[in-house]
Amino acid sequence: MAAPPPSGGPGRLGRYLVGAFFLAPALFMLGVWMVYPAVYTIIRSFFGPTGFVGHWVGFANYKTLFTTSTLTTAIKNNAIWVAVVPAMVTAVGLVFAVLTERIRWAVAFKTAVFLPMAISAFATGVTWRIMYQQDPGLGAINALGKTISGAFSPAGVLSTALPSTPSLQSSAGALVLKTPTHPGGVALLGLTGIAPDQVPKSSVQAVKPAPKPGDVVGTVWRDFKPGGGKAGVVETGELGLPGVTVELRSAAGKTIQSTKSKSDGTFDFAKVPAGTYTTAIGAQTFAKPFGGFAWLGPNLIVPSLLIAYIWIWAGFAMVVIGAGLAAMPRDVLEAARTDGANEWQTFRRVTVPLLMPVLSVVFITMIINVLKVFDIVYALAPESEYAKANVIALAMYFTAFQGAGNFGVGSAIAVFLFLLVIPVLALNVRRFRREA
Amino acid sequence: MAAAAPAIEIPNPGDAVSARILRAITRTPINIVLVVLGAAWLVPTIGLFITSILPASADASAGWWQIFSHPSLATWSNYDALFHNSGLITALKTTAYIAVGNTALVVILGALAGYAFAWLDFPGRDWLFIGVIGLLVVPLQMALIPMFKLYDTFGLFDTWYGIALFHTAFGLPFAVFLLRNFFAGLPKDILESARIDGANEIVIFLRLILPLGLPAIASLAIFQFLWTWNDLLVALTFGQNTTPITVWIAGQLREFGTSIDIIAPASFISLVVPLCVFLAFQRYFVQGLLAGSVK
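Residues numbered from 1 in each chain as written. Chains lettered and ligands numbered in written order. Predicted model: local features only at pLDDT ≥ 70, side-chain atom pairs only at ≥ 80, totals over all residues. Heavy atoms only, no water.

Student: Looking at this structure, I do not really get the overall build of chain A. What am I missing?
Tutor: A tally of helices and strands in chain A yields 13 helices and nine strands. Rg of the C-alpha trace for chain A: 35 Å, well past the compact-globule value of 22 Å for 436 residues, more than 25% over. Along the longest, intermediate and shortest principal axes, the C-alpha atoms of chain A span 120 × 75 × 35 Å. A buried classification covers 50% of the 436 residues belonging to chain A. Within chain A, residue pairs in contact and separated by at least 24 positions form 69% of the contacts whose partners lie at least 6 positions apart. In the form shown here, chain A has an accessible surface area of approximately 19600 Å², with 66% of it arising from carbon and sulfur atoms. (Helix = DSSP H or I, 4+ residues; strand = E, 2+ residues; numbered from the N terminus. Rg over C-alpha atoms; globule rule 2.2 N^0.38 Å. Buried < 20%, exposed > 50% of the residue type's maximum accessible area, 1.4 Å probe, protein only. Contact = heavy atoms within 4.5 Å. Areas by Shrake-Rupley, 256 points an atom, 1.4 Å probe, with all protein chains shown as cover.)

Student: Can you walk me through the environment of Pro244(B) in this structure?
Tutor: All names here are of chain B. Within the secondary structure layout, Pro244 lies in the loop between helix H11 (233–238) and helix H12 (245–250). With 146 residues separating them along the chain, Pro244 and Ile98 place their C-alpha atoms 8.1 Å apart. In contact with Pro244, not counting residues within four places along its chain, are Ala91, Thr94, Thr95, Ile98 and Ala235.

Student: Help me understand the interface of chain B and chain A in this model?
Tutor: Interface size is often expressed as the accessible area that is lost when the parts come together. Contacts between the two partners involve 109 residues from chain B, matched on the other side by 100 residues from chain A. Both sides together, the interface formed by chain B and chain A hides about 9300 Å², and carbon and sulfur atoms give 78% of it. Broken down residue by residue, the surface that chain B buries against chain A is led by Trp41(B), Met142(B) and Ile145(B), which jointly contribute 9%. In this assembly, chain B and chain A are joined by zero salt bridges. In this structure, the connection of chain B to chain A is made through eight residue pairs in polar contact (both at pLDDT 80 or more). The greatest single-element share of the side of chain B that touches chain A, amounting to 15 residues, is contributed by helix H1 (residues 16–52) of chain B. (Buried area = accessible area lost by both parts, 1.4 Å probe. Salt bridge = Lys/Arg side-chain N within 4 Å of Asp/Glu carboxyl O. Polar contact = N/O pair within 3.5 Å; in protein donor to acceptor, adjacent residues only side chain to side chain.)

Student: I would appreciate a short explanation of the nonpolar core in the present structure.
Tutor: In summary, soluble globular proteins display a tendency toward joint burial of nonpolar side chains. Among the nonpolar cores identified, the biggest contains 205 residues, and Trp81(A), Ile376(A), Val377(A), Tyr115(B) and Phe166(B) are the most heavily contacted of them. Core analysis: the next-biggest nonpolar cluster, separate from the first, contains 22 residues, Ile194(A), Leu248(A), Phe269(A) and Phe286(A) among them. (Core = buried A, V, L, I, M, F, W, Y, C linked by side-chain atoms within 4.5 Å.)

Student: Even after reading the chapter, I still don't get the sheet that holds strand S8 (residues 266–269) of chain A, so can you show me in this structure?
Tutor: Strands belonging to one sheet form pairs held by backbone hydrogen bonds; the direction of such a pair is parallel or antiparallel. All names here are of chain A. Read from one edge to the other, the open sheet built from four strands follows the order S1-S4-S5-S8, with strand pairing classed as mixed. The open sheet has two free edges, formed respectively by strand S1 (162–163) and S8, since each of these has just one partner strand. Strand direction decides the pairing type here: S1 and strand S4 (residues 186–192), joined by two bridges, are antiparallel. Looking across to S4, one finds that Pro163 is bridged to Leu191. (Pairing = 2+ DSSP bridges.)

Student: How should the pattern of salt bridges be read in this particular structure?
Tutor: Oppositely charged side chains may form a pair once their charged atoms are brought near each other. Residue and element names in this part refer to chain A. Taken as a whole and assessed by the stated rule, the structure comprises eight salt bridges over all chains. In this structure, Arg330 engages Glu101 in a salt bridge whose closest nitrogen and oxygen atoms are separated by 3.4 Å. In this pair, Arg330 is assigned in helix H8 (residues 330–338) and Glu101 in the loop between helix H3 (69–100) and helix H4 (106–114), connecting sequence segments 229 residues apart. On the basis of relative accessible area, Arg330 is assigned to the partly exposed category, the value being 39%. Looking at Glu101, the relative accessible area reads 42%, which means it is partly exposed. We note a salt bridge from Lys212 to Asp268, for which the minimum N-O separation is 2.8 Å. With Lys212 in the loop between S4 and strand S5 (216–222) and Asp268 in strand S8, the pair connects residues that are 56 residues apart, well separated along the chain. A relative accessible area of 41% means that Lys212 is categorised as partly exposed. Because the salt bridges share partners, they merge into one network encompassing Lys212, Asp215 and Asp268.

Student: Which parts of the structure should I look at to understand the confidence of the model for chain A?
Tutor: For residues with low pLDDT, the predicted coordinates do not support detailed interpretation. Residues and elements named next belong to chain A. Of the residues in chain A, 95% have a pLDDT of 70 or more, and the chain-wide mean is 86. Here strand S2 (residues 168–171) stands out as the element of chain A with the lowest mean pLDDT, 81, in contrast to H3, whose mean of 95 is the highest. Here residues 1–8 is modelled with pLDDT under 50, and outside its nearest four sequence neighbours on either side it reaches twelve contacts, counting other chains as well. (pLDDT = per-residue confidence, 0-100.)

Student: Explain the sheet that holds strand S3 (residues 174–177) of chain A to me, please; I cannot follow it from the model alone.
Tutor: Residue and element names in this part refer to chain A. Here we have five strands laid out as an open sheet, ordered S2-S3-S9-S6-S7, and antiparallel in their pairing. The open sheet has two edge strands with one neighbour each: S2 and strand S7 (255–260). Sheet twist, expressed as the average angle between the axes of neighbouring strands with direction ignored, equals 30 degrees. As paired strands, S2 and S3 are joined by four bridges and run antiparallel to one another. Of the residues in S3, the one forming a bridge with Ser171 is Ala174. (Axes fitted to C-alpha atoms, helices over the stretch in contact; angles between N-to-C directions.)

Student: Hey, could you run me through the pairing of S5(A) in this one?
Tutor: It is a general feature of regular strands that their side chains alternate between the two faces of the sheet. Residue and element names in this part refer to chain A. Counting buried positions along S5 yields seven of seven residues, so the element is predominantly enclosed. The alternating pattern of S5 places Val216, Gly218, Val220 and Arg222 on one face and Val217, Thr219 and Trp221 on the opposite face, and all of these are buried. With six bridges joining them, S4 and S5 adopt parallel strand pairing. Within S5, the residue paired with Val186 across the bridge is Val217.

So this is what it looks like as C-alpha cells:
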C-alpha cells in the first residue's frame, strides 16, 4: 500500500505538483490516444459513412452490422472462436503442465511449446500456410494424412488406368470382362491410360497364356505400345502388369477366387469347376490416392485457423498453469494419495479445483484475445476466403480502411467489440482492486 | 506413484535398481507422448526455415521435407537476394525504430507513472489508478478511426513515430499496472530514509526506484519489444510507405505460390529477432506474463 505522506513533506498543492510531474506524460498519452478516440468512436458510430454534420443515422450502422452477411459471418465466426479456443487452450495447457511435471527434459519441452508466443501471429500465419497446402506433395499436414490413409486404404497400383476395349466394363469400381469364360478359357484384360512411370518396375513383355484344361488363365497388360498397337491384342512391345488383383466371379457375380498377376501379366485360376464365369480386375487396383484436404478452402478455413491459434497460445496456458501447479501445496496432494485416491482421482478432485483460479485467468485472457483476433486470419486465410474466415476485427479493418472506407459502420463494429469486452473488463477491474 | 518421487533420489543399494527401472517403465509412455507433441510444436517453424533455404522451383515441386533426401538443394541464395532487397532492409529498419522507440517510451512513461501511483500521495490517486487499469481492455479498434484522422491532420500518418506513439499509449495501462505493483512491493524503509535524508522525488526515482525495479522493467521492455515488433494491424492502418516487416511481407502474400522464395525467408528473418530476444530473456518474459495474468 501507499506510504503515508512523509512528515514535514510538501503541502497539498506541492503534492499535486509532484504527482502531476510524474503522471502528466502518461496521462497525456492515454487521454489523446485512448480516451478521446474511444469517445469519438462511440459518437461516430451514429453518423453516416463520410462525416458528422447532417449525417446522423441513429442506429442504422448497428442495423447494418447485424444484417450484412459478411458482418454476421464475422460475428458467428467469433462466437465459434470464443466457444472453442479458450476451452481448448486451457485444456491443452493443463495437460502439458501436468505431464511436464513428470519428465526430466521439461525445460526443453516447455521452450518448444512456448516458442510460438515469441513469434508474430503474422509469421505463424505464413508458417501454417506452408503446412496446410492442399497437395500432399507440398503440405506437411496432408502428407501426413496421405501416409496414414495409405496405411489403411492404399492407393491402387494403377489408379489412372482405363479399359482398352469396350468389353471391359466398370462396375462398382472394378473392371469386369463382359465376355463370359469357362474352365479352359483365356481372359484378356487390356488396360490403357497408364503413364510409363506408373508401370511397375518388375514388368516384362506381356504374354498371352495357352489355355489349360480345368483352369481359367489370362493376362493383364498395358494394351499400348509406342505407335499405338491394336486394341485387345497382346503384341510385342506391350508390357505385362504385375501385382494386379484379378477376381474370378460366378455367374451370380460372386467372387470365387482371386489372384495376382505375374511379371508378364499372366494369372491362373486353378481347378475351376465346370460352369460359366466372368473375370474382373479388383476395385482396389484403381483406388485413387489421397488428394489432400483443402484446409484453406471455404469449408475448413475456420477450423484450420483455430488449430493454428491454439498452437500459438498453448504455451502461454502451459506456463501460467505450470506456475500455479508449482505453487500448489504438496501436502494436500500427498494426503489425497495416502487416502488411497488414484492418479486420476487426485487430478480430478484435488489438482483441478485447487487450480481453478489460475485456469479461469487463462480462460478469461483467452476470451479477450480471441475477441480481438486479427493477424492470424489476415495472414493465414487466402484473400478469396476472407468472407468465410471473417472475424470482428478483420471486418472492422476492411469496412473502415479498405474498399468501402465506411467510418460509420467501422465505428459501430469497434463499439460492438468494445461492448463484448466490457464484461471481461468488469471482472478484471474487480481482480485488480482486490490486489491493489 | 512413480511421478511423485522426490526430485533428489538417494540411491538405496537394496531397491535402487529395480525401483528405477520400474519408474522408467511407467514414465516411458508419457515421454513418448511428449516427444511427439514437442515435435508437433517445432515442426511448423522448422518447415518454414527449410522452405526458406530451398530454391523456388524446389518449393513448387515438392514439400520441404525433400531436403532430407536431397540435402544439396539447400542454398542461401534466397537470403542473399533478400539482403540486397532495399524494400526489406528499409522495412527491417522501420520495424527496429518502431519497436525500440516504443519500448523506450513505454518504460520511461510507465515507470514515472508507476512510481507516482505507488509512492506519491495525492488526492484521487487510487481512483485515477483504477481508471488507468480500466483502459487495459479498450480494444485498439476503438482508436483506429479517430487517430487515422488526427494523424492526417498533424502529419503523423505514415511515420514510424506515429506508429510507435500509438503502441505506446496502448502499452501504458499494462506498464503502469506492472510497475506500480512492483514498485509498491519495494522495501518502504529505503525510501523513507532517503526522504528523511532530504532526497527529492526525482533523485529517489532515478537512484533508487529504477535500479531496484530493474527486473520488472526488463519484463515490461521485452513484452513491449515483442508486441510492437510483431504488430500487424496498427502498422497496416497508419503506414503506407513506412511499413514494418510484417506489413511488407503481407504485401507479397497475394502471390503466395510464386513469391514463396521471398515470403518464407522474410518471415523467418522477421521471427529470428523476437526469437533471440525471447530465448535470451526467457526468465523475464515469463515473469512479466505471470505478473500480468496470475498476480
